[in-house]
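Overview (structure and organization)
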Amino acid sequence: MIPAPRGTALVPGRRRRIGGLTLCGLLTALGVLGPWITGHRPGDQFGEFVYAPPSAPHIIDADGRLRAPFIYPLVLEDRLERRYAQDRQHPTPLRWFRRGALVSTDEPSQPWFPLGTDALGRDQLARLAGGTRLSLGVALAGALGALLIGALAGSVAGLAGRPVDDAVMRAADFVIALPAVYVVLALRAAMPLVLSTSQVFWTISLVLSAVGWPFAARGVRAVVASEKAREYAEAARAIGATRTRLLLRHLLPATRGFLAVQTTLLVPHFVLAEATLSFVGLGFGEPSPSWGAMLREAGQGRALVEAPWLLAPALAIVAAALAVHLSVGPQPHALRADRL
Amino acid sequence: MRRGLLRYFVRRTAFAALLVLVVSSAAMLLADLAPGDAFSGFDLDPAVAAAERHRLGFDRPFVAQYGSWLGRAMRFDLGESVKYRRPVVELVAERSSKTALLGATALILATVVGIPAGIFTGSRRTLLTRATSAASLVILSVPSLVTSFGLLLLASRTGWLPVGGFSGGADGSFWLTTGRYLVLPAIALALPIAATLERLQSQALNDALADPSVRAAVARGCSERRIVWRHAFRLSLTTVLAIYGVIVGTVLSGSFAVEIVTSWPGLGALMFEALVARDLFLVAGCAAVGAMLLAGGILLSDIALAVADPRLEELA
Amino acid sequence: MIKPLLTVCLASLVLSIGCRSADAPATPASSSAPASGGDLVASVRSEPATYNRLLPNGQSAATELFTLLTQSRLARVNRVTDELEAWLAEAWTLGADGLTYTMTLRPDVKFSDGHPFTTDDVLFSFRVVYDPGVNSSLADAMKVNGAPIEVTARDARTLTLRFPEVFAPGLRMLDNLPILPKHRLEAAFAKGELAKAWSPSRPLSEIAGLGPFVLAEHVAGQRLVFTRNPHYFRRDAKGIQLPYLDRLTLAVTPDQNTEALRLEAAEVDLMMNADVRPQDHAAFKRLADQGKLRMMDVSVALDPDFLSFNLRPARAAQRRAPWMNLREFRQAISCGVDRQAIVNAVYLGAAVPIYGPITPGNKRWYSADAPSCPIDRDKARALLAGAGLTDRNGDGLVDDASGKPARFSIITHAGHLRERVSSVLQEQLRQLGIQVDVVALDPGGIAQRWQAGDYDAIYFGLQASATDPSLSPEFWYSAGSFHFWNPSQKSPATPWEQRIDELMREVATTPDLPQRQRAFAEVQKILGEELPSIYFVAARVSIATTARVLNPTPAPQIPQLLWSADTLARAR
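If you're wondering where the values come from, they're calculated on a predicted model, not measured in any experiment.

**Digging into the overall build of chain C**
- Across its full length, chain C holds 15 helices and 24 strands.
- Over its C-alpha atoms, taken along the principal directions, chain C stretches across nearly 80 × 60 × 45 Å.
- Per-residue burial for chain C yields a buried fraction of 58% across its 572 residues.

**Considerations on the overall build of chain A**
- Scanning chain A from terminus to terminus reveals eleven helices and seven strands.
- The principal-axis extents of the C-alpha atoms in chain A amount to approximately 85 × 60 × 35 Å.
- The long-range fraction of contacts in chain A, counting pairs at least 24 apart against all pairs at least 6 apart in sequence, stands at 72%.

**Considerations on the environment of A260 of chain C**
Residue and element names in this part refer to chain C.
- Within the element layout of this structure, A260 appears in helix 5 (residues 256–264).
- Residue class for A260 comes out buried when judged on the 25 C-beta atoms lying within 10 Å of it.
- Taking the C-alpha atoms as reference points, A260 and M271, eleven residues apart in sequence, are found 8.2 Å from one another.

**Quick notes on the interface of chain C and chain A**
- On the chain A side, the residues contacting the 32 residues of chain C number 24 residues.
- At the level of elements, helix 6 (281–289), helix 9 (339–346), helix 11 (417–432) and strand 19 (435–441) of chain C are the ones that each hand at least two residues to the side of chain C that touches chain A.
- The residue inventory of the side of chain C that touches chain A, partitioned by class, reads 14 nonpolar, ten polar and eight charged.

**Let's talk about the environment of R516 of chain C**
All names here are of chain C.
- Turning to its location among the elements, R516 is positioned in helix 15 (residues 513–530).
- Judged by the 25 C-beta atoms lying within 10 Å of it, R516 is buried.
- Distance from R516 to W365, taken between C-alpha atoms, is 9.2 Å for residues 151 residues apart in sequence.

**Brief notes about the nonpolar core**
- Grouped together as the largest cluster of nonpolar side chains are 380 residues, with contacts concentrated most on A27, V283, C286 and A291 of chain B together with A42 of chain C.
- Examining the composition of this core, we find that 21 residues originate from one element, helix 9 (residues 224–261) of chain B, more than from any other.
- For A291 of chain B, the residues in contact, after removing those within four places along its chain, are A177 of chain A together with L19, V20, V23 and S24 of chain B.

**Remarks on the confidence of the model for chain C**
Residue and element names in this part refer to chain C.
- Confidence along chain C averages 88 in pLDDT terms, with 94% of residues attaining 70 or more.
- Per-element mean pLDDT across chain C ranges from 36 in strand 1 (residues 18–20) up to 96 in helix 2 (residues 119–130).
- Overall fold confidence (pTM) sits at 0.87, and the ipTM for the predicted complex is 0.84.

**Examining helix 5 (residues 197–228) of chain A**
Residue and element names in this part refer to chain A.
- In a regular helix each residue adds 1.5 Å, so 32 residues correspond to 46 Å; helix 5 covers 44 Å between its end C-alpha atoms and thus fits that length.
- Taking the largest bend as the criterion, helix 5 deviates by roughly 35°, centred on G212, and proline P214 comes between one and four positions later.
- Among the 32 residues in helix 5, 24 count as buried, and that is most of the element.

**Here we look at the pairing of strand 3 (residues 74–78) of chain A**
Residues and elements named next belong to chain A.
- Where strand 3 and strand 4 (residues 83–86) come together, four bridges link them in antiparallel fashion. Opposite L74, over in strand 4, you have Q86 as the bridge partner.
- In sequence, strand 3 turns back onto strand 4 through a hairpin of four residues, with R82 there showing a positive phi of about 55°.

**A few points about the interface of chain A and chain B**
- Contact residues are listed per partner, giving 54 residues for chain A and 60 residues for chain B.
- Breaking the side of chain A that touches chain B down by element, the ones donating at least two residues are helix 3 (162–177), helix 4 (180–190), helix 5, helix 8 (256–279), helix 9 (291–299), helix 10 (303–306), helix 11 (312–328) and strand 7 (336–337) of chain A.
- No other element matches helix 8 of chain A, which puts ten residues into the side of chain A that touches chain B.
- Across the side of chain A that touches chain B, the residue classes break down as 40 nonpolar, seven polar and seven charged.

**Examining unusual backbone geometry**
- The residue after L242 of chain C, namely P243 of chain C, is reached through a cis peptide bond having omega -5°.
- For the bond from I558 of chain C to P559 of chain C, the omega torsion is -5°, close enough to zero to count as cis.
- Phi is positive for F76 of chain B, which is not a glycine, with a value near 60°.

**Some details on the sheet that holds strand 5 (residues 92–98) of chain A**
Residue and element names in this part refer to chain A.
- Strand order in this open sheet of four strands is 1-2-5-6, and the pairing throughout is antiparallel. A single partner strand is all that each edge strand has here, and the edge strands are strand 1 (58–60) and strand 6 (101–105). Strand-to-strand twist across the sheet, computed as the mean angle between neighbouring axes with direction ignored, equals 45°.

**So, the sheet that holds strand 18 (residues 407–413) of chain C**
Residue and element names in this part refer to chain C.
- In spatial order, the strands read 19-18-20-16-21; together these five strands make up an open sheet with mixed pairing. Taken across any chain shown, the strands that pair with only one partner, and hence form the sheet edges, are strand 19 and strand 21 (533–535). Neighbouring strand axes in the sheet, compared pairwise and without regard to direction, differ in orientation by 25° on average.
- With seven bridges joining them, strand 18 and strand 19 adopt parallel strand pairing. Across the sheet, the residue bridging to T412 is A440, located in strand 19.

**Some remarks on the packing of helix 14 (residues 495–509) of chain C against helix 15 of chain C**
All names here are of chain C.
- For the pair helix 14 and helix 15, interaxial distance at closest approach is 8 Å and the crossing angle is 160°. Compared by their axis directions, helix 14 and helix 15 come out roughly antiparallel. When you trace helix 14 past helix 15, the crossing you get is left-handed. Between helix 14, through W496, R499, I500, L503, M504, E506 and V507, and helix 15, the contact on the second element is made entirely by R516, A519, F520, E522, V523, I526 and E530.
- Here the contact of helix 14 with helix 15 is composed, by residue class, of nine nonpolar, no polar and five charged.

**Thoughts on the confidence of the model for chain A**
Residue and element names in this part refer to chain A.
- Looking at chain A, the pLDDT average stands at 82 and 92% of residues meet or exceed 70.
- Within chain A, helix 2 (residues 124–159) carries the highest mean pLDDT (91), whereas strand 7 carries the lowest (42).
- For residues 336–340, every residue scores under 50 in pLDDT, and the model assigns this stretch nine contacts once sequence neighbours within four places are set aside.

**Structural notes on the pairing of strand 18 of chain C**
Residues and elements named next belong to chain C.
- When you tally the buried positions in strand 18, you get five out of seven residues, the bulk of the element.
- The β-α-β motif built from strand 18, the intervening helix 11 and the parallel element strand 19 has right-handed crossover chirality.
- Two elements, strand 18 and strand 20 (residues 457–461), share three bridges in a ladder whose sense is parallel. Of the residues in strand 20, the one forming a bridge with I411 is I458.

**What to know about the packing of helix 3 of chain A against helix 11 (residues 280–308) of chain B**
- The geometry of helix 3 of chain A relative to helix 11 of chain B is characterised by a closest axis approach of 9 Å and an angle of 135° between their N-to-C directions. The pairing of helix 3 of chain A with helix 11 of chain B is recorded here as oblique in orientation. For the crossing formed where helix 3 of chain A meets helix 11 of chain B, the hand is right-handed. Facing helix 3 of chain A, whose interface residues are D173, I176 and A177 of chain A, helix 11 of chain B presents G290, A291, L294, A295 and I298 of chain B.
- Its residues assigned to classes, the contact of helix 3 of chain A with helix 11 of chain B comprises six nonpolar, one polar and one charged.

**Some points on the environment of V200 of chain A**
- Relative to the helices and strands, V200 of chain A resides in helix 5.
- For the pair formed by V200 of chain A and S278 of chain A, sequence separation is 78 residues and the distance between their alpha carbons is 9.9 Å.

**Details of helix 9 of chain A**
- Within helix 9 of chain A, nine of the nine residues are buried, which leaves the element mostly enclosed by the surrounding structure.
- Among all positions of helix 9 of chain A, only W291, G292, A293, M294, L295, R296, E297, A298 and G299 of chain A are buried.
- Contacts from the buried residues of helix 9 of chain A go to helix 2, helix 8, helix 10 and helix 11 of chain A together with helix 6 (144–158) of chain B.

So, how was this worked out
Residues numbered from 1 in each chain as written. Chains lettered and ligands numbered in written order. Predicted model: local features only at pLDDT ≥ 70, side-chain atom pairs only at ≥ 80, totals over all residues. Helix = DSSP H or I, 4+ residues; strand = E, 2+ residues; numbered from the N terminus. Buried ≥ 20, exposed ≤ 12 C-beta atoms within 10 Å, placed from the backbone. Contact = placed C-beta atoms within 7 Å. Nonpolar A, V, L, I, M, F, W, Y, C, P; charged D, E, K, R; others polar. Core = buried A, V, L, I, M, F, W, Y, C linked by C-beta atoms within 7 Å. pLDDT = per-residue confidence, 0-100. Expected span 1.5 Å × (residues − 1). Bend = angle between axes of the 7 residues up to and from the residue. Pairing = 2+ DSSP bridges. Axes fitted to C-alpha atoms, helices over the stretch in contact; angles between N-to-C directions. Parallel < 35°, antiparallel > 145°, perpendicular 65-115°, else oblique. Left-handed = near helix turned anticlockwise from the far one by under 90°. Right-handed = clockwise from strand over helix to strand, strands pointing away.

Now the structure itself:
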């Protein structure tokens, strides 16, 4: 037997699940609470705070005394060079539950941006939160679709003989080889100029599913084809198990690990792909925030060095991928679990 | 077995040819359906545009244009680019070698880093393996546009490497110069592939460790190294190889952003130009090369799959 | 026609009757005297698809630059001083009819292959540009009111050019036309195969020109290397033969961010599109303070972006929102937008608010009297009410008479600064109670929607071929193909467009500059009232080069530095 990891065998698995679900919960909370955290809408533009850096809340003031949380307001020093200074003379207290915001300042001219602002002076936290629903929703819907189609196509191909197998797999090759951008361009031309958010949402989900399934299909087919030749499958068949039963009972469970890792690969990939699609006109229109579009912005110019807080959506995507990884991935069968 | 192999090869080559044809045709159709054409735009007088469209036969229905293109394509003439007024074959050939160089380097790099990393993270659970897995997730969560630009920025600040571009053969030491210019785009292209391979390999190895045959080996008291490399690795190859072929095939589309950002004069950049210019024949030509690469990659991976896992009836 | 990145022609050549002295233009003075030798590297975003500017696909920025470097024209517009300068032509006179120019060519000029340059080459170039079989993208720009210029040669050095009608910009038009070598291209032209003659598929040695450089090497997607043309005709004030540079390399760098990084790393000395983007300013400034880069302020940009409404009658008929065609509605938008906010947010302050198509950068033609409307939301609301749009149900959005909220879409350029400006417009108009849908498309998609007339409004920009409005008839006349809001009209659709047509005729056919300026100021006034296109901001152009670049003469339009590549020099 594999030496059991320290502690009981069940605990790490459950801990992983709990960790994953906690992350999921946090992301959901971010998405739901988003508009109320700082009270800024994702589209609100603060023209005097373009590329404002994140400002941390303080509880110890200049004299070293403990006070209620406050921030030092930002003062624009040089617009062209995007330089801000903290006004240490006038600490602005943070208020809870005022004007429909969880936390805000009293001064409308001194808003608080915990994660800084983007190129149009929009609250990065509000946008990050606002983008959760759209970006994660699209990516999860797309990944689910891709995995369903992929698992179905892959298992059919793996179980059936050559003609079906060939047909399915060559169709998969075709989908992979066809540049998706062209499909989207043509699709966009056939659609009305102004699209509603839900139209965009479902179109992108469909496109992503259509583009992503062959990857899953190839892996599932390989696993199914390999497993069905194994002793236990042969035995099951010998005692008269139907193909469907064989597939559902024995072969598909074997692909679970692969499908889980595909999900963790597809989710971040799809969040980013959504930004590429918006480049050819199929994206959530302004001012709807999406993580992919925000990251594309971060790739512009030298934001990477001068406004690194614009990369915050990348961390959110990591969190999402990690959440998926932990909550749907099977428990690791490590040979040796070293002390952590 | 040998005759079977030959038959298999012929069959797959026929499929590959069909794939190339279908993909390039479909790309052409889609580019035709996309809004605008090679002559519309704000820079050309509509009268001049109309006359050019007529002269080059782009005012005919798509079916007629496609028919004459197909006729020529059978003789390996992929038509003439509207933007460049040059044969597509010539343009594509000019760029393909650069993309092949970049793609091959990136693939080797990604494989050499990604697969061992995956074996490492799949077989153990330490702080280091968790950090490696986390690093993979981070790489996968940053667009390659940003990664490439970050690398360029690093090069620009440190002066260690040239900031993009390519000037292989400018002086005597061809490979040295080429190598210097190749480093950045190759790393930028390899990073997400390596991360993908790491994740796949890690999971596959992890699954393999749960396999009865591996457990049996553990029970026999085989050494850890032997278990991982002899038994589990072999088992894990099934899924990794299945996906590997697709990865080879998608290197071209992945190199798109990297080539543009790092000014690498490859096919990805040309493909982008063709798309922006709605240059139908060039679009079809680039798609054809992409399909060829994919067909080749998949064929290789299927053969490797069959060799690694004899239970598959692939070559029978 | 409006051709992006075409040569700048600042207008107002005074068509004086009589002899015009035409010495070789003096090179601008510089702190350290330029000397021959050395090389520079410039970055370009794309490479030329053809080497022949006269071909239908020769209108790209890259071919334009290639032509500036390797070819010459009869007369050149100096993009800094605005003056027309004798170039291949040595001198000219205008006849008493006001139509016929008699022109003498510079003596002993040779092509880069050593072949002598004569009037034959000029005649050949005109023949090619007007040839319907060639379908040149320049043909339209070389015609006056649709009619060609008649060119005849008296001898090998004397030409007459007869304009079909009195044309105020006159010989400024010649700045467009490169004079091509007849001995190299005649055979291909006769066979109808001009497109094949100078293509990248053919040996480079077949190309010859009168410009400062010759193309020595072109590696696809990588670089174009130019070496000095030993037969180039220009000398500087001290008699040193130009160009100063031995070698000029154009490094292909498609991505703008990478281009900026390569300049920072001094891998390139200058950028073809040399204007510094607002977001690069801080980093460049730091390097300039260290002496690694040099920054220069040039002027306000000449070709601003605009928000253009679709005023085609067909569109108006099918639209159920008649308010969109009302002048008051457009005036409300102009008054209801805080232009300074766009300047501050999108351009980080490096721009100026504007109210019409002619910016203060165009000194000769800018009219300060054109109507303007700095932000005034109350006035904007009153104007909206005048267009029948008021908030009828208290939801903060203005509604039309039937209670439908006012809503329209703006098509804009995906991934461009224009997308950001559109977002600011959207947010600002929301505060007026107007809902805007911003739809970002790729340029091909925008062009297609525009040509089909399938849009409400577009936020876009056009690069005018010249600063003299008479050289952009396609934009100004109602019959013009780039009369943006309602192109190619059979007869003027509105009285004000008819008035503009009349005034533009006056601007084109009146020799007297002040009179032309007055007429054009009235055009600007009409546009400022009718606002078929609304202008918000124009960028301030500043450029950056490495310290190696000597003797730069920056102009506001692209290519800001390479327009006078022959006098660029390399610091020792």
